[in-house]
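This is what each chain is made of:
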Amino acid sequence: MLPRKINLVAAADQKIQKVFDPHIAGDVNDSQAKVAKFGKTFDWHAHENEDEAFLVLRGKIAIDFRDGPVELGEGDFIVVPRGVEHRPRSLTEEPVVLMFEPATTLNTGNARSDLTVTELKRL
């Protein structure tokens, strides 16, 4: 059986109905590629044991750090090291972002809120 090809932006538009609701695009060993649409502001949080990578596929986002924000546009990539407190947010209407992280990573890290997603859907 051939691997399944996915257009991540089209799949996000078709299947992701709300912001900050990550969906699994694929499994890579013990990690996952996850896609989400970002909204106005997420929770401040950190991932104590996992690095987290972000690649903007459409639109613009900012990732706030306690020392200041970093803005990312389409094609921009950043790795947030484990233990670093951060807060993602959109700068355009529902940007689409690819995240790469261990499969066990909780989207809100060490913070629990209404935005915490414990059971992810697949694209």
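The coordinates are above.
Residues numbered from 1 in each chain as written. Predicted model: local features only at pLDDT ≥ 70, side-chain atom pairs only at ≥ 80, totals over all residues. Heavy atoms only, no water.

**Brief notes about the overall build of the protein**
Moving on, step 1. The number of helices and strands found in the protein is one helix and nine strands.
Moving on, step 2. Shown N-terminal to C-terminal, the secondary structure of the protein runs as helices and strands in the order α-β-β-β-β-β-β-β-β-β.
Moving on, step 3. In terms of overall size, the protein behaves like a compact globule, its C-alpha atoms giving a radius of gyration of 14 Å where 123 residues would be expected to give roughly 14 Å.
Moving on, step 4. Overall, the C-alpha framework of the protein stretches about 45 × 30 × 25 Å when taken along its three principal axes.
Moving on, step 5. Looking at the 123 residues of the protein, the share that counts as buried comes to 46%.
Moving on, step 6. Taking the intrachain contacts of the protein between residues at least 6 apart in sequence as the baseline, contacts between residues at least 24 apart amount to 67%.
Moving on, step 7. For the protein, the exposed area adds up to about 7000 Å²; of that, 49% sits on carbon and sulfur atoms. (Helix = DSSP H or I, 4+ residues; strand = E, 2+ residues; numbered from the N terminus. Rg over C-alpha atoms; globule rule 2.2 N^0.38 Å. Buried < 20%, exposed > 50% of the residue type's maximum accessible area, 1.4 Å probe, protein only. Contact = heavy atoms within 4.5 Å. Areas by Shrake-Rupley, 256 points an atom, 1.4 Å probe, with all protein chains shown as cover.)

**Structural notes on the pattern of salt bridges**
A side chain of one charge can pair with a side chain of the opposite charge when the charged atoms of the two come close.
Moving on, step 1. For the coordinates displayed, the defined rule picks out 10 salt bridges.
Moving on, step 2. In this structure, K37 and E94 form a salt bridge, with 3.7 Å as the shortest nitrogen-oxygen distance. Of the two residues, K37 is situated in strand 2 (residues 31-37) and E94 in the loop between strand 7 (86-90) and strand 8 (96-102); the sequence distance between them amounts to 57 residues.
Moving on, step 3. A relative accessible area of 29% means that E94 is categorised as partly exposed.
Moving on, step 4. With a closest N to O distance of 3.3 Å, R82 and D51 form a salt bridge. With R82 in the loop between strand 6 (77-80) and strand 7 and D51 in the loop between strand 2 and strand 3 (52-58), this residue pair connects regions lying 31 residues apart in the sequence.
Moving on, step 5. The network of salt bridges with common partners includes D13, K37, R58 and E94. (Salt bridge = Lys/Arg side-chain N within 4 Å of Asp/Glu carboxyl O.)

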